[in-house]
Protein chains: 2
Amino acid sequence: MAIAKTNEFTQQEQDLAAFAKVLSHPARIAIMKVLANENACICGKIVEILPLAQSTVSQHLKELKNAGLIKGTVEGPKSCYCINWDAMEKFMQDFNGMFSALQLQKGKSCC
Amino acid sequence: MAIAKTNEFTQQEQDLAAFAKVLSHPARIAIMKVLANENACICGKIVEILPLAQSTVSQHLKELKNAGLIKGTVEGPKSCYCINWDAMEKFMQDFNGMFSALQLQKGKSCC
DNA sequence: ATCATTCATCGTACAAATACGATAAATATT
DNA sequence: AATATTTATCGTATTTGTACGATGAATGAT
């Protein structure tokens, strides 16, 4: 991908982009919906619902967890995942904040 | 990327993911900010501000345009870009709508 | 103790994204 | 007409993302 120039941008830009990136795959959006809807947020249950292999789902779960959008706890041989609501609410707030900041300049546009 | 299973998901999931994907790079977030702040949204001006080559900026602009977040008009040898507010507002509405739908299930979680 | 279940991780294959320089096309300028 | 400016596109190199099967580690069941 060439020598990623990601860190040439502001922290805010990087953070917002990172948040967007986690949600930039339909499988991860679908996982969030499953986690919200199912009482038992067991990995196996998610694998049943998604059209993806177990290892692939596990990978997506890892990314969501690394980004902080979900939490995971071990229950015997099973793994239970849930949405990290505090984090999600903050992320959405920041995301909407950026958009509001853009909108403040709305009249300025030339075209 | 292996044989992308993107279309195994719902249209809504694909659309939301596509929107998130366009904003999943700090350069594209930065471009949106420049377009909102500068009266003259000329490509050259953006190239001056971003730490990227002209061809790379042009590529990012193309992606933003393809996704519908911005509009572009030719002005002689120059190109003028602006935010497509109608589209942006709809995208943000859908994105927030998904989050609200998740939140409705908030109590259900097991962990 | 043996076997089954569940899941994370490893290795691997291939697709897509990012970045740049070079070039081409269009318009402005001289 | 010749030259300069501006930007899109092409070709290419490299990195990252997506996907799967196979394996291993941990726990539960027999």
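The structure presented is a predicted model; accordingly, all values stated were derived computationally and were not measured.

Thresholds, definitions, all that
- Starting from 1, residues in each chain are numbered consecutively following that chain's sequence as written.
- Each chain gets a letter, beginning with A, and each ligand a number, beginning with 1, in the order they are written.
- Confidence filtering applies because this is a predicted model: local features only for residues at pLDDT of at least 70, side-chain atom pairs given and counted only at 80 or more, and all residues used for totals across whole chains, interfaces and linings.
- The side-chain numbers reported here are obtained from all heavy atoms of the structure, hydrogens and water having been left aside.
- We call two residues in contact whenever any of their non-hydrogen atoms come within 4.5 Å of each other.
- Buried area is understood as the total, over both parts, of accessible area removed when two parts are fitted together, assessed with a 1.4 Å probe.
- Between Lys or Arg on one side and Asp or Glu on the other, a salt bridge is scored when a side-chain nitrogen of the former is within 4 Å of a carboxyl oxygen of the latter.
- Whether a residue is near a molecule or strand depends on its heavy atoms: if one lies within 4 Å, it is near.
- The definition of a polar contact used here is a pair of N or O atoms within 3.5 Å, where within protein one atom must be able to donate a hydrogen and the other to accept one, and adjacent residues in sequence count solely through side-chain atom pairs.
- To qualify as a helix, a DSSP run of H or I must reach at least 4 residues; to qualify as a strand, a run of E must reach at least 2; elements of each kind are numbered from the N terminus.
- All residues other than Ala, Val, Leu, Ile, Met, Phe, Trp, Tyr, Cys, Pro, Asp, Glu, Lys and Arg, Gly among them, are scored as polar; the first ten of these are nonpolar and the last four charged.
- The cut-offs for exposure are 20% and 50% of the maximum accessible area for each residue type, with area from a 1.4 Å probe on protein chains only; residues under the lower value are buried, those over the upper are exposed, and the others partly exposed.
- The superposition of copies rests on a least-squares fit of C-alpha positions from residues with pLDDT of 70 or more in both.

Caption draft 1: Up close: the interface of chain B and chain A. Between chain B and chain A, the residue contacts involve 52 residues of the former and 52 residues of the latter. Taken together, the two surfaces of chain B and chain A that pack against each other cover about 4,600 Å², and 72% of this comes from carbon and sulfur. It is Phe9(B), Trp85(B) and Leu102(B) in chain B that bury the most area against chain A; as a group they hold 14% of the surface buried on that side. For the pair chain B and chain A, the interface holds four salt bridges. Glu89(B) is the salt-bridge partner of Lys106(A), the closest N and O atoms lying 2.9 Å from each other.

Caption draft 2: Spotlight on the protein's contact with DNA strand C. Inspection of the region around DNA strand C gives 28 residues, with Met1(A), Lys5(A), Ser58(A), Tyr81(A) and Met1(B) positioned closest. Each atom of DNA strand C within 4 Å of the protein was classed as base or backbone; sugar and phosphate made up 61%. Between DNA strand C and the protein, one listed contact pairs a phosphate oxygen with a side-chain N or O atom of Ser58(A) at 2.4 Å. A distance of 3.3 Å is found between a base nitrogen of DNA strand C and a side-chain nitrogen or oxygen belonging to Ser55(B). Looking at the surface near DNA strand C element by element, the count peaks at five residues for helix α4 (residues 54-66) of chain B. Looking at the surface near DNA strand C, its residues break down into eleven nonpolar, eleven polar and six charged.

Caption draft 3: Looking closely at the pattern of salt bridges. As enumerated under the stated definition, the model contains eight salt bridges over all chains in all. Its salt-bridge partner being Glu13(B), residue Lys33(A) comes within 3.2 Å of it at the nearest N-O pair. In this pair, Lys33(A) sits in helix α2 (residues 26-37) while Glu13(B) sits in helix α1 (residues 11-22), so the two residues belong to two different chains. Using a relative accessible area of 22% as the deciding quantity, one classes Lys33(A) as partly exposed. Residue Glu13(B) is classed as buried on the basis of its relative accessible area, which comes to 7%.

Caption draft 4: Here's a closer look at the relation of the copies chain B and chain A. In the superposition of chain B on chain A (RMSD 0.0 Å, axial shift 0.0 Å), the rotation amounts to 180°. Taken together, the rotation and translation describe the operation of a two-fold axis. When C-alpha distances to the rotation axis are compared across chain B, the minimum falls at Ala20(B), with a value of 2.4 Å. Same-surface contact between copies: 100% of interface residues of chain B are shared with the interface of chain A.

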